[in-house]
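Results of the structural survey
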Amino acid sequence: MSTRKKLIAGNWKMNKTAADAVTLAQELVAAVGRQPAVDVVVCPPFTALESVARTLDGSLIKLGAQNMHAEPSGAFTGEVSAPMLRALFVTHVILGHSERRQLFGETDPAVNLKTLAALKHQLRPIVCVGETLAEREAASTLKVVQAQVERGLEGVGKDHAANLVIAYEPVWAIGTGKVATSEQAQEVHAFIRGLLGKLFTDPVAQRIRILYGGSMKPANAPELLAQKDIDGGLIGGASLEARSFLDLLAAAAAS
Ligand code: PEP
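Residues numbered from 1 in each chain as written. Predicted model: local features only at pLDDT ≥ 70, side-chain atom pairs only at ≥ 80, totals over all residues. Heavy atoms only, no water.

Considering the side chain of Ser215
Keep this limit in mind: Under the DSSP-based scheme used, a helix requires at least four consecutive residues in state H or I and a strand at least two consecutive residues in state E, with every element numbered from the N terminus. Polar contacts, as used here, are pairs of N or O atoms within 3.5 Å; protein pairs need one atom able to donate a hydrogen and one able to accept it. Residues neighboring in sequence count only if both atoms are side-chain atoms. What makes two residues a contact is simply this: any of their non-hydrogen atoms within 4.5 Å.
As for its position among the elements, Ser215 is in the loop between strand S7 (209-213) and helix H11 (221-225). At 2.7 Å, the side chain of Ser215 forms a polar contact with the backbone oxygen of Ala173. What Ser215 contacts, discounting residues up to four positions off in sequence, is Ala173, Gly175, Thr176, Gly177, Lys178, Val179 and Asn220.

Rendered as structure tokens:
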């Protein structure tokens, strides 16, 4: 039985004005603000971070961002840095999401720089990895995931590694309604934990949470979350509405 506490993180993507985000955060705080069975993170858009931070104040729900720049400051128009996020009480940051990789050209070396910067500034990176449908069909899933993990985490010290969160998100399952079977997901999660063991030692790998992401919903969550190496979920669509997100938290608490 794993000692890793389950973590459910909601990725709100480019949805919700600051006012709408506060409404959802209020509903979540009212229902789970003091429920310690599962770690909960919500990741609103940048424009809602400050107001959601105020709403979450005093609850156990943590605040995450969806991206950041690796540099602390400078001439990077349109970007947001780790110290800026820290100043808004952000504790987690999603890095290398497949939408950033596919739509904004984010590469493994860029994810690596951001990961190192996040850790340096005491933010917990949620580093996303995962194969496309073509890569799965070509039987290269493990090879692709291995390269993303190794390149994305290059230079992370053993002492900081337990602060990492990895999200395995098969690209073909994100926002498509197609979910990986629990066997497919567990196979990749176990593989990632093995890699983390080689990079950081087994005891450290046992402490790192590996989330599944890709059309996770209350109906399919119990089976996924029952897998030995699935330590929670990174949730897109089902995090945009309080009822489904709360049901996912309940599923994680029961697993
Ligand atoms: C995501 O974008 O991280 C995600 C998992 O989305 P969805 O749950 O909508 O598939």
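Some details on the site of the ligand
Operational definition: When we say a residue is near a molecule or strand, we mean one of its heavy atoms is within 4 Å of it. For accessible areas, the Shrake-Rupley method is used with a probe of radius 1.4 Å. Any residue's cover is judged against the shown protein chains and nothing else.
As a structural note, the neighbourhood of the ligand is formed by 14 residues, with Lys13, His97, Glu169, Gly175 and Ser215 the closest of them. A distance of 2.7 Å is found between an oxygen atom of the ligand and a backbone nitrogen or oxygen belonging to Gly175. One nitrogen or oxygen atom from the main chain of Gly237 is found 2.8 Å from an oxygen atom belonging to the ligand. Compared with its free state, where it exposes 290 Å², the ligand has 95% of that area covered by protein.

Quick look at helix H1 (residues 18-32)
The test is simple: Helix span, as expected, comes to 1.5 Å for every residue beyond the first. Any residue under 20% of the maximum accessible area for its type is buried, any over 50% is exposed, and the rest in between are partly exposed; the area is computed with a 1.4 Å probe on protein chains only. For this quantity, the arc is that covered by the directions from the helix axis to the C-beta atoms.
With 15 residues, H1 ought to run about 21 Å at 1.5 Å a step, and its terminal C-alpha atoms sit 21 Å apart, in line with that. Residues of H1 that are buried include every one of Ala21, Val22, Leu24, Ala25, Leu28 and Val32, and no others. Along the axis of H1, the buried residues cluster in a sector spanning 165°; they form a single face. Across H1 from its buried face, at more than 90 degrees, point the exposed residues Ala19 and Ala30. In this fold, the buried residues of H1 make contact with strand S2 (39-43), helix H2 (46-56) and helix H12 (242-254).

Digging into the layout of surface pockets
Threshold: The rule is simple: put a 1 Å grid over the protein atoms alone, call a set of points where a 1.4 Å probe fits but cannot get out a cavity, call an open set with protein on both sides within 12 Å along at least five of seven lines a pocket, and count a residue as lining if it has an atom within 4 Å of a point. Grid points are joined across faces, edges and corners, and a volume is the space filled by probe spheres set on the points. Classification used: nonpolar for Ala, Val, Leu, Ile, Met, Phe, Trp, Tyr, Cys and Pro, charged for Asp, Glu, Lys and Arg, polar for all others including Gly.
There is about 450 Å³ of room inside the largest pocket. Considering the residues around the largest pocket, the lining is formed by 18 residues, among which Met14, Gln66, Asn67, Arg100 and Phe104 are closest to the centre. Only H2 and helix H4 (98-104) provide two or more residues apiece to the lining of the largest pocket. Of the residues forming the lining of the largest pocket, the biggest block, four residues, is contributed by H4. Among the residues making up the lining of the largest pocket, the classes are represented as eight nonpolar, six polar and four charged.

Section: the pattern of salt bridges
What counts is decided by this rule: Think of a salt bridge as a Lys or Arg side-chain nitrogen and an Asp or Glu carboxyl oxygen that are within 4 Å of each other.
Evaluation of the coordinates by the stated rule reveals 14 salt bridges. Its salt-bridge partner being Glu99, residue Lys13 comes within 2.8 Å of it at the nearest N-O pair. Residue Lys13 is found in the loop between strand S1 (7-11) and H1, and its partner Glu99 is found in helix H4; the two are separated by 86 residues along the sequence. Here Glu131 ties to Arg136 by a salt bridge, and the two come within 2.7 Å at their closest N and O atoms. Both residues of the pair, Glu131 and Arg136, count as buried. Because the salt bridges share partners, they merge into one network encompassing Arg4, Arg193, Lys228, Asp229 and Asp231.

Digging into the nonpolar core
Grouped burial of nonpolar side chains is what soluble globular proteins tend to show. Applicable threshold: Throughout this description, the term nonpolar core refers to a set of buried Ala, Val, Leu, Ile, Met, Phe, Trp, Tyr and Cys residues connected via side-chain atoms within 4.5 Å.
Counting 68 residues, the largest nonpolar core has Ile192 and Leu196 as the members making the most contacts within it. With seven residues, H12 is the single largest residue contributor to this core. Residue contacts for Leu196: discarding those within four places in its chain leaves Val149, Leu153, Ile166, Thr201, Ala205, Ile208 and Ile210. Counting 11 residues, the second largest nonpolar core, distinct from the first, contains Ala9, Ile94, Ala167 and Leu211.

Remarks on the sheet that holds strand S3 (residues 62-65)
Here is the rule: At least two bridges found by DSSP between two strands is the condition for calling them paired. Orientation is described by lines fitted to C-alpha atoms, with helices fitted over the stretch in contact, and by angles between N-to-C directions that extend from 0 to 180 degrees.
Read around the closed barrel, the eight strands follow the order S1-S2-S3-S4-S5-S6-S7-S8; overall the barrel is parallel. Each strand of the sheet is rotated relative to its neighbour by a mean of 25°, with strand direction disregarded. As defined by bridge partners, strand S4 (residues 92-95) adjoins strand S5 (residues 124-129) across four bridges and the pair is classed as parallel. Within the sheet, the bridge partner assigned to Leu95 lies in S5 and is Val127. Lying over the sheet, helix H5 (residues 108-120) contacts S4 and S5, oriented at roughly 160° with respect to S5. Against the sheet, helix H9 (residues 182-200) touches S5, strand S6 (165-168) and S7, its axis set at about 150° to S7.

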